[in-house]
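Descriptive structure summary
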Amino acid sequence: MTELILSLDVTGLKEALRIAGACAPEIDAIKVGYPLALAAGLGIAGELAGFGLPLIADFKVADIPNTNTLICEQVFAAGFSAVIAQGFPGPDSVAACVEAAHAHGGECYVVAEMSHPGALTFFSAGVPERLCEIVAETGADGIIAPATRPERVRALRALIGKKKILSPGIGAQGGDPAEIAPLVDGMIVGRSIYGAADPAAAARTYAPYRR
Ligand code: 3DU
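Residues numbered from 1 in each chain as written. Predicted model: local features only at pLDDT ≥ 70, side-chain atom pairs only at ≥ 80, totals over all residues. Heavy atoms only, no water.

What follows deals with the UniProt feature "domain: Orotidine 5'-phosphate decarboxylase" (unreviewed entry) in the protein. Within the UniProt annotation, "domain: Orotidine 5'-phosphate decarboxylase" (unreviewed entry) is assigned to residues 3–206. Helix makes up 43% of residues 3–206 and strand 19%, whereas the separation of the span's terminal C-alpha atoms amounts to 10 Å. (UniProt positions renumbered as here; feature names shortened; annotations may be inferred. Helix = DSSP H or I, 4+ residues; strand = E, 2+ residues; numbered from the N terminus.)

The next thing to look at is the side chain of Ser 115. One can find Ser 115 in the loop between strand 5 (107–111) and helix 6 (127–138). The exposure class of Ser 115 is buried, given its relative accessible area of 12%. Polar contacts involving the side chain of Ser 115 include one to the side chain of Gln 173, which spans 2.6 Å. Non-local contacts of Ser 115, meaning those with residues more than four positions away in its chain, are made with Pro 146, Thr 148, Arg 149, Pro 168, Gly 169 and Gln 173. (Buried < 20%, exposed > 50% of the residue type's maximum accessible area, 1.4 Å probe, protein only. Polar contact = N/O pair within 3.5 Å; in protein donor to acceptor, adjacent residues only side chain to side chain. Contact = heavy atoms within 4.5 Å.)

Time to look at the UniProt feature "binding site: substrate" (unreviewed entry) in the protein. In this structure's numbering, the residues bearing the UniProt feature "binding site: substrate" (unreviewed entry) are Asp 9, Lys 31, Ser 115, Gly 190 and Arg 191. When the annotated set is filtered for residues lining the largest pocket, what remains is Asp 9, Lys 31, Ser 115, Gly 190 and Arg 191. Here Lys 31 is to be found in strand 2 (residues 29–33). At 3.2 Å, the side chain of Lys 31 and the side chain of Ser 7 are in polar contact. (1 Å grid on protein atoms, 1.4 Å probe; cavity = no way out; pocket = protein on both sides within 12 Å on 5 of 7 lines; lining within 4 Å.)

Here is the structure:
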């Protein structure tokens, strides 16, 4: 199954709730990042809980293990069901996020490769492959991989097997849902849904790619 994950990167609480409510029947999860969490507070998880969808905290957690644990405890106490961490701080830092997530019955995803052009400065030369090894070593639940580079998603799939791949970069960043959906477990879509005049209708255009 390929899920549709709404990246809710708006900065108004009312707007966030209006868009989430309109899109809820068309999506499988909501991703909240710094834009909304900093604007509305971590309590946004409680506000969104009523829609009955998994809530992914995209905080790209990237600190020492103890700080990662403290961050993730806050994330899961607030009601999120998954957290996204960076893998470059190393396996012990990732393990701290995975342990906190699993202790709360949640999930932890690790950024293996980012989707924007400049990502290749550091997410190259074997680094994403090493990050996939860290995912395996730590028992993380999956990776974030770029919809803008389907060939890279295929290469990373070969390394992580049945673990999940969630993929941002569809729509506004140029990724094609028809090409990426068969390769991944979750399509992460932000602006092309929440920025549309009718977000629910925009979300429905992804229905053919939700399997
Ligand atoms: O480009 P969009 O508006 O569809 O939003 C994509 C979301 O996914 C956004 O929250 C961004 O911060 C996040 N993301 C990437 O776009 C690329 C990554 O490699 C990781 C996360």
